[in-house]
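# Architecture and fold: a report
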Amino acid sequence: MATHRTLHGNLFSTPPPDPLRDELAPHHETQPEPGNPTRLLIVVLIALFTLAGLAYAGGIALDRILEQRRIEARMGPKPQLARLPAIEVPLGSVRAVEMQVSLVLAPKVEPDRILRYQDRIADRLFQTISRIDSETLTGPGSAEILKARIKEAVNREAGTGLFRDIYIERMVVK
């Protein structure tokens, strides 16, 4: 079989037709299948429901963001907290106080400035609170007494001016 080449490449961009194969292969032109209107309607409805769901979810997210901004406008921004580890201090023979404390940090103070001293603060609190009798901790004003002891311990171990307030999240005298 001879090749059909010239100096500029192949003579034909496609191979020449083979007369024997053309006779064997049936020639029928394929007609495009008419579009099914039901199938098109289902695809359009799915797309519309998907867009409606995305719009609804976006509306809910936007509403939550705006609600958070309204709360912050009324109450100010959420305070940054440093949570001290929970401690349990024995009070004499069978009584103990269990407490969880968080400190409201001063502006521009990172929690790490206090939390790196948390073990020393817990030790100091353990020493000072264990000296308090159980009647004082169960009586009126016990939260203020505890806050004063916590303030002393944090100021002594971590430094002054690092927090604005003390939240006693849990205090149980057993």
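Structure first, text after, so check above.
Residues numbered from 1 in each chain as written. Predicted model: local features only at pLDDT ≥ 70, side-chain atom pairs only at ≥ 80, totals over all residues. Heavy atoms only, no water.

### What about the overall build of the protein chain?
Each helix and strand in the protein chain was counted, giving six helices and six strands. Reading the protein chain from its N terminus to its C terminus gives the helix and strand order β-β-α-α-β-β-β-α-α-α-α-β. Every one of the 174 residues in the protein chain was classed for burial, and the buried ones make up 21%. If you take every contact in the protein chain between residues at least 6 apart in sequence, the share linking residues at least 24 apart comes to 68%. (Helix = DSSP H or I, 4+ residues; strand = E, 2+ residues; numbered from the N terminus. Buried < 20%, exposed > 50% of the residue type's maximum accessible area, 1.4 Å probe, protein only. Contact = heavy atoms within 4.5 Å.)

### Focus on the pattern of salt bridges
Under the criterion given, the structure shown has five salt bridges. Across the salt bridge formed by Glu-67 and Arg-70, the nearest N and O atoms sit 2.6 Å from each other. Note that Glu-67 and Arg-70 are positioned in helix α2 (residues 37-75) at a spacing of three residues, about one turn of the helix. Relative accessible area serves as the criterion here: at 36%, Glu-67 is assigned to the partly exposed category. Its salt-bridge partner being Glu-98, residue Arg-170 comes within 3.2 Å of it at the nearest N-O pair. Within this pair, whereas Arg-170 is found in strand β6 (residues 163-173), its partner Glu-98 is found in strand β5 (residues 95-105), the two being separated by 72 residues in sequence. A relative accessible area of 35% places Arg-170 in the partly exposed class. One continuous salt-bridge network, built from bridges that share partners, spans Arg-120, Arg-124 and Glu-157. (Salt bridge = Lys/Arg side-chain N within 4 Å of Asp/Glu carboxyl O.)

### Describing the environment of Ile-145
Position of Ile-145 relative to the elements: it lies in helix α6 (residues 142-157). For Ile-145, a relative accessible area of 25% corresponds to the partly exposed category. Separated by 13 residues in sequence, Ile-145 and Ile-132 have C-alpha atoms that sit 9.4 Å apart.

### Observations regarding the packing of helix α4 (residues 118-130) against α6
Relative to each other, α4 and α6 sit at 140 degrees, their axes nearing to 9 Å. On the basis of the axis angle, α4 is oblique to α6. Two packed elements cross with a definite hand, and for α4 against α6 that hand is right-handed. Along the contact surface, α4 presents Arg-120, Ile-121, Arg-124, Leu-125, Thr-128 and Ile-129, while α6 presents Leu-146, Arg-149, Ile-150, Ala-153, Val-154, Arg-156 and Glu-157. Classifying every residue of the contact of α4 with α6 gives seven nonpolar, one polar and five charged. (Axes fitted to C-alpha atoms, helices over the stretch in contact; angles between N-to-C directions. Parallel < 35°, antiparallel > 145°, perpendicular 65-115°, else oblique. Left-handed = near helix turned anticlockwise from the far one by under 90°. Nonpolar A, V, L, I, M, F, W, Y, C, P; charged D, E, K, R; others polar.)

### Section: α6
For α6, built from 16 residues, the straight-helix expectation of 22 Å at 1.5 Å per residue is met to within 8% by its first-to-last C-alpha distance of 23 Å. For α6, the set of buried residues is Ser-142, Leu-146, Ile-150, Ala-153, Val-154 and Glu-157. Viewed end-on, α6 has its buried residues packed into an arc of 95 degrees, placing them on one side of the element. Across from the buried face of α6, at angles greater than 90 degrees, the exposed residues are Glu-144 and Arg-156. As for α6, its buried residues are in contact with β5, α4, α5 (134-138) and β6. Two residues or fewer after α6 comes Gly-159, characterised by a positive phi angle close to 120 degrees. (Expected span 1.5 Å × (residues − 1). Arc of directions from axis to C-beta.)

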